[in-house]
Amino acid sequence: MPPYAPPVLLAGLLCLAALGLFCRFLLPRLSPAARELILYLVFGVLTTAVSIGSYALLHGPLGMHYLAANVASWVVSVLFAFCTNRSFVFSGGGTGWPRQLLLFALSRLGTLAVEEAGLFLLVDLLSVGELAAKAVMQAVVIVLNYILSKFLVFQRREKHE
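To keep things clear, this report deals only with the structure shown in the data block. Because the structure is a prediction, the values reported are computed rather than measured. (Residues numbered from 1 in each chain as written. Predicted model: local features only at pLDDT ≥ 70, side-chain atom pairs only at ≥ 80, totals over all residues. Heavy atoms only, no water.)

## Here's the deal with the overall build of the chain
Test applied: Here a strand is any run of E in DSSP of at least two residues, a helix any run of H or I of at least four, and the numbering for each starts at the N terminus. For the exposure calls, accessible area comes from a 1.4 Å probe over protein chains only, and a residue counts as buried if that area is under 20% of its type's maximum, exposed if over 50%, partly exposed in between. It only takes one pair of heavy atoms within 4.5 Å for two residues to be counted as in contact. Areas reported here follow the Shrake-Rupley algorithm with a probe of radius 1.4 Å; residue values treat only the protein chains shown as occluding.
Secondary structure assignment for the chain yields five helices and zero strands. When the helices and strands of the chain are listed from N to C terminus, the series reads α-α-α-α-α. Dimensions of the chain, computed from C-alpha atoms along their principal axes, come out at roughly 55 × 35 × 25 Å. By residue count, 32% of the 161 residues in the chain fall in the buried class. Taking all contacts inside the chain whose residues are at least 6 apart in sequence as the whole, residues at least 24 apart take part in 65%. For the chain, the exposed surface amounts to about 9600 Å²; the carbon and sulfur share of it is 76%.

What follows is the structure, given as structure tokens:
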């Protein structure tokens, strides 16, 4: 186990406890738009943790090449993100889940391409450390994913008569 693992796990548990208190007492008092944005950020951070954690496990102890580990961690984090975004952030949106899952996966494939290109640029061309490059690209991907989720995947369609 890496020496930084116990403090990271402790910090994660403290963050989850704080998140629980926040959701219980403060979140219900916010406007719907603020609540959506905050929930997206919270689940974005959790999705990032799932992505980086699975990446670190696959690349480190399991020895998978960093680009392959990134794709595998992407699959895990996309499934996590779809479930949490649909259930908690955007409350299902306008269309049925099969169409949403397809749009979600396609939009995430687009941001995966951006992330893979960014990782290649940062790691292979600019010699940035792999985990640091992963963290930078995750920040870029979170912003792009919010825009695509809000305005493409989970948009509410008004019924016209």
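Right, picking up where we left off after that structure.
## Some points on the pattern of salt bridges
Note the following rule: For salt bridges, the criterion is a side-chain nitrogen of Lys or Arg within 4 Å of an Asp or Glu carboxyl oxygen.
The full count for this structure, using the stated rule, is two salt bridges. The partner of Glu36 in a salt bridge is Lys150, and the shortest N-O contact between them spans 2.7 Å. In this pair, Glu36 is assigned in helix α2 (residues 32-59) and Lys150 in helix α5 (residues 130-153), connecting sequence segments 114 residues apart. Here Lys134 ties to Glu115 by a salt bridge, and the two come within 2.9 Å at their closest N and O atoms. One end of the pair, Lys134, is in helix α5; the other, Glu115, is in helix α4 (residues 97-125), and 19 residues separate them in sequence.

## Structural notes on the environment of Phe82
Along the chain, Phe82 falls in helix α3 (residues 66-89). Along the sequence, Phe82 and Leu19 sit 63 residues apart, while their C-alpha atoms lie 20 Å from each other. Once residues within four sequence positions are removed from consideration, Phe82 is found in contact with Trp97, Gln100, Leu101, Phe104 and Phe154.

## Here we look at the packing of aromatic side chains
Stated formally: Ring pairs are drawn from Phe, Tyr and Trp, using the six-membered ring of Trp, whenever the two centres fall within 6.5 Å, and their geometry is named by plane angle: stacked under 30 degrees, edge-to-face over 60, tilted for the rest. Charge-over-ring placement is defined geometrically: NZ (Lys) or CZ (Arg) within 6 Å of the ring centre, and within 35 degrees of the ring normal.
Here the structure, examined in full by the defined rule, presents eight aromatic pairs. Where Tyr40 meets Tyr146, the ring centres are 4.7 Å apart and the plane angle is 65°; that geometry is what we call edge-to-face. Here Tyr146 lies in helix α5 and Tyr40 lies in helix α2, a separation of 106 residues in the sequence. Just as Tyr40 is buried, Tyr146 falls in that class too. For the ring pair Phe82 and Phe104, a centre distance of 5.3 Å and an interplane angle of 65° mean the geometry is edge-to-face. Taken as a pair, Phe82 in helix α3 and Phe104 in helix α4 lie far apart in primary sequence, 22 residues in all. We note that Phe82, like Phe104, is buried. Among the aromatic residues, those joined into a ring-pair cluster are Tyr40, Phe82, Phe90, Phe104, Tyr146 and Phe154. One Lys or Arg, Arg108, reaches over the ring of Phe104 and ends 3.8 Å from the middle of that ring.

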